[in-house]
Amino acid sequence: MSRRRKIIGYLVALMVVLTQLTSGTVPAAAGDRGDPRDEGATIFKGWGIDTCQAPSLTALRAWKDSDYRAIGVYYAGRARACPHQTYLSGGWLSSARGLGWKVLPIFVGSQSPCVRADNKRGFGIGDYPYDQGQDEGQEAANRASSLGIAPRSPLYLDMEAYDDGDDDCADVTLSFIRGWSATVRDLGYIPGFYSSAESGVRHMDRARRNGTSGLPDVMWFARWRTDPTTDGEPALGRSAWTPHRRIHQYKGNVTESHGGQRLTVDRNLVDAPVAIID
């Protein structure tokens, strides 16, 4: 990314803030944007799963015997563990909707420079993190649109656990997240964020308490080996990212069978926006 582009981006952002101040309007506080339905979002409350490879429609049909009704789909991003999705397409999404499934679109883009997982270290954020976030936010929205995921849908940025106590690394990561979120929001989608409760989500709440603007609008937090809850997460302020802006991933790598179809999934409790499928 060019230094000139970076400076222009900062100037544009400054002009937006000045316009808001002189007009008497200010953006909603980070983590406090009100009910997503006021923005045209569709909300789902209930049990969900996510799995590396989008399942076949046969499996989705069989799993209607389960309590799950939402599914996380890794639809784009260079750091996906399963980049080659056998079944995922616009037709698959429409059929999943027809079967009664709600979709949580997940984008696994560039990762924090201090990411903990060895298999994610080859996808680090570069020297211009905000600009890179903007570029990948554009990619996330373009790919969603090409699959028939309509505006006012959430797009969830997957940022695997990182050392949020490393100030330099945390600053780079936050800048990328803010650039990604701003672009996704500008393109009509709802920016969501997935990470460990003990790293990325804790970092986002710390940024919120420090008054940082431009944070993601929905928090999907991973805290395993605990009871499922969207209300009692200790890493988040009690009223932050409410109402209907939270997902709790409470157990991972669980193998289940329903209707004769076996899948390995992560379990989630959802109270958040889901995709609007054209």
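Remember, predicted model here, so these are calculated numbers, not experimental data.

Caption draft 1: Summary view of the pairing of strand 2 (residues 68–76). Among the 9 residues that make up strand 2, 8 are buried, leaving the element largely enclosed by the rest of the structure. Here strand 1 (residues 42–50) pairs with strand 2 via 4 bridges, running parallel. Residue pairing across strands places Ile49 opposite Ile71, the latter belonging to strand 2. Looking at chain direction, strand 2 and strand 3 (residues 102–107) are connected through 6 bridges and run parallel. By the bridge assignment, Val73 is partnered in strand 3 with Pro105.

Caption draft 2: Spotlight on the state of the cysteines. For the structure on display, the rule yields 2 disulfides. What pairs with Cys52 in a disulfide is Cys82, and their sulfur atoms sit 1.9 Å apart. Its S-S torsion of approximately 115° makes the covalent link between Cys52 and Cys82 right-handed. A residue pair is termed long-range when its members are at least 10 positions apart, and Cys52 in the loop between strand 1 and helix 2 (57–62) and Cys82 in the loop between strand 2 and helix 3 (90–98) qualify at 30 residues.

Caption draft 3: Here's a closer look at unusual backbone geometry. In this model, Thr242 is joined to Pro243 through a cis peptide bond whose omega is -10°. Here Pro243 is to be found in the loop between strand 6 (218–222) and strand 7 (246–258). Backbone geometry places Arg225, a non-glycine residue, at a positive phi of 60°. Inspection of the secondary structure assignment puts Arg225 in the loop between strand 6 and strand 7. Given a relative accessible area of 78%, Arg225 falls into the exposed group. One non-glycine residue, Trp241, adopts positive backbone phi at about 50°. Within the element layout of this structure, Trp241 appears in the loop between strand 6 and strand 7. The exposure class assigned to Trp241 is buried, which follows from its relative accessible area of 0%.

Caption draft 4: Structural view of the sheet that holds strand 5 (residues 190–196). Spatial strand order, 1-2-3-4-5-6-7-8: 8 strands in a closed barrel with mixed pairing. Ignoring strand direction, the axes of neighbouring strands in this sheet form an average angle of 35°.

Caption draft 5: Quick peek at helix 3. When we look at burial in helix 3, the residues that qualify are Trp92, Leu93 and Ala96. Around the axis of helix 3, the buried residues are gathered within 100° of arc, so they sit on the same side. Against the buried residues of helix 3 lie helix 2, strand 2 and strand 3. Between the side-chain oxygen of the N-cap and the backbone nitrogen of Gly91 there are 3.3 Å, and the N-cap of helix 3 in question is Ser89. Count one or two residues on from helix 3 and you reach Gly100, which has phi positive near 95°.

Definitions and cut-offs
Residues numbered from 1 in each chain as written. Predicted model: local features only at pLDDT ≥ 70, side-chain atom pairs only at ≥ 80, totals over all residues. Heavy atoms only, no water. Buried < 20%, exposed > 50% of the residue type's maximum accessible area, 1.4 Å probe, protein only. Helix = DSSP H or I, 4+ residues; strand = E, 2+ residues; numbered from the N terminus. Pairing = 2+ DSSP bridges. Disulfide = S-S within 2.5 Å. Axes fitted to C-alpha atoms, helices over the stretch in contact; angles between N-to-C directions. Arc of directions from axis to C-beta. Contact = heavy atoms within 4.5 Å. Polar contact = N/O pair within 3.5 Å; in protein donor to acceptor, adjacent residues only side chain to side chain.

Honestly, it's all geometry; don't read function into it.
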